[in-house]
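Given next are the chains, with one letter for each unit.
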Amino acid sequence: MEVLQYLVEKSVAAKTKVVLEDELENGPRRWLNFGHTLGHAVEKLEHIAHGKAVAIGMVAATRFSGKLMNLPADQTVRLIKLISDYQLPVAFSSDKDAVFDIFKLDKKREKDVIHFVLLEEIGKATTMPIPIAELKLLLQEL
């Protein structure tokens, strides 16, 4: 319990620092959305807690990072193991077309792209505009 409390306190402090430095969400603050695009869709469809849905979204974003950013497979495995060790889900059971339909409504969408948070490596995020059509293909590969 002490470790969990420590992690939550450190996370809140880090998030606060990012938010204060990027109030308009033009830079690093976007990275706080890691896992949220797919996570929000899964949360809505499967009626699960936000944190559990975001954990699933983080795994999906990491898998997308492997395909789009050449994130090494061992880093994907490491992230999945970490999430699993905290007894959080790493996969969803929702219909992928239904997930995609919610993707299309995401607040990070601009015209035909969604600004998706990906990993160059664990601890180093980037935001990449991914065409909606490409996201649909990536989603089908999960």
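Residues numbered from 1 in each chain as written. Predicted model: local features only at pLDDT ≥ 70, side-chain atom pairs only at ≥ 80, totals over all residues. Heavy atoms only, no water.

(A) Focus on the pairing of strand S3 (residues 124–131). With 8 bridges joining them, strand S2 (residues 113–121) and S3 adopt antiparallel strand pairing. Within S3, the position partnered with Glu-121 by the bridge is Lys-124. (Pairing = 2+ DSSP bridges. Helix = DSSP H or I, 4+ residues; strand = E, 2+ residues; numbered from the N terminus.)

(B) Summary view of the sheet that holds strand S1 (residues 109–110). In spatial order, the strands read S1-S2-S3; together these 3 strands make up an open sheet with antiparallel pairing. Of all the strands in the sheet, the pair left with one neighbour each is S1 and S3. Note that S1 and S2 share 2 bridges and pair antiparallel. What sits directly across from Glu-110, in S2, is Val-113.

(C) Structural context of the nonpolar core. Core analysis: the biggest nonpolar cluster contains 30 residues, and Leu-38, Phe-92, Val-99, Phe-103, Phe-116, Leu-135 and Leu-139 have the highest contact counts within it. At the level of secondary structure, the elements contributing two or more residues to this core comprise helix H2 (36–46), helix H3 (50–69), helix H4 (73–85), helix H5 (96–103), S2, S3 and helix H6 (132–140). Here the element with the most residues in this core is H3; it accounts for 7 residues. (Core = buried A, V, L, I, M, F, W, Y, C linked by side-chain atoms within 4.5 Å. Buried < 20%, exposed > 50% of the residue type's maximum accessible area, 1.4 Å probe, protein only.)

(D) Region of the structure containing the side chain of Ser-94. Counting through the fold element by element, Ser-94 comes out in the loop between H4 and H5. Within polar-contact distance, the side chain of Ser-94 engages the side chain of Glu-46 at 2.7 Å. Apart from the residues within four sequence positions on either side, Ser-94 is in contact with Leu-45, Glu-46 and Val-99. (Polar contact = N/O pair within 3.5 Å; in protein donor to acceptor, adjacent residues only side chain to side chain. Contact = heavy atoms within 4.5 Å.)

(E) Up close: the packing of H3 against H4. In contact at an axis separation of 10 Å, H3 and H4 are set at 175 degrees when each is read in the N-to-C sense. Considering their axes alone, H3 and H4 lie roughly antiparallel with respect to each other. Here Ala-55, Met-58, Val-59, Thr-62 and Arg-63 of H3 come into contact with H4, specifically with Thr-76, Leu-79, Ile-80 and Ile-83. Residue classes in the contact of H3 with H4 are distributed as 6 nonpolar, 2 polar and 1 charged. (Axes fitted to C-alpha atoms, helices over the stretch in contact; angles between N-to-C directions. Parallel < 35°, antiparallel > 145°, perpendicular 65-115°, else oblique. Nonpolar A, V, L, I, M, F, W, Y, C, P; charged D, E, K, R; others polar.)

(F) Structural context of unusual backbone geometry. Residue Asn-70 is not a glycine yet carries a positive backbone phi of 60 degrees. Positionally, Asn-70 belongs in the loop between H3 and H4. On the basis of relative accessibility, which here comes to 64%, the residue Asn-70 falls in the exposed class. The backbone of Lys-111 shows a phi angle near 55 degrees, a positive value even though the residue is not glycine. Tracing the backbone shows Lys-111 in the loop between S1 and S2.

(G) H4, seen in detail. With 13 residues, H4 extends 18 Å between its outermost C-alpha atoms, agreeing within 8% with the 18 Å of an ideal straight helix rising 1.5 Å per residue. Taken residue by residue, H4 has Gln-75, Thr-76, Leu-79, Ile-80 and Ile-83 as its buried positions. In a view along the axis of H4, the buried residues occupy a sector of 135 degrees, so they form one face of it. Of the exposed residues in H4, the ones pointing more than 90 degrees away from its buried face are Ala-73, Asp-74, Val-77, Arg-78 and Lys-81. Considering only its buried residues, H4 is in contact with H3 and S2. Following H4 by one or two positions, Gln-87 has its phi on the positive side, about 60 degrees. (Expected span 1.5 Å × (residues − 1). Arc of directions from axis to C-beta.)

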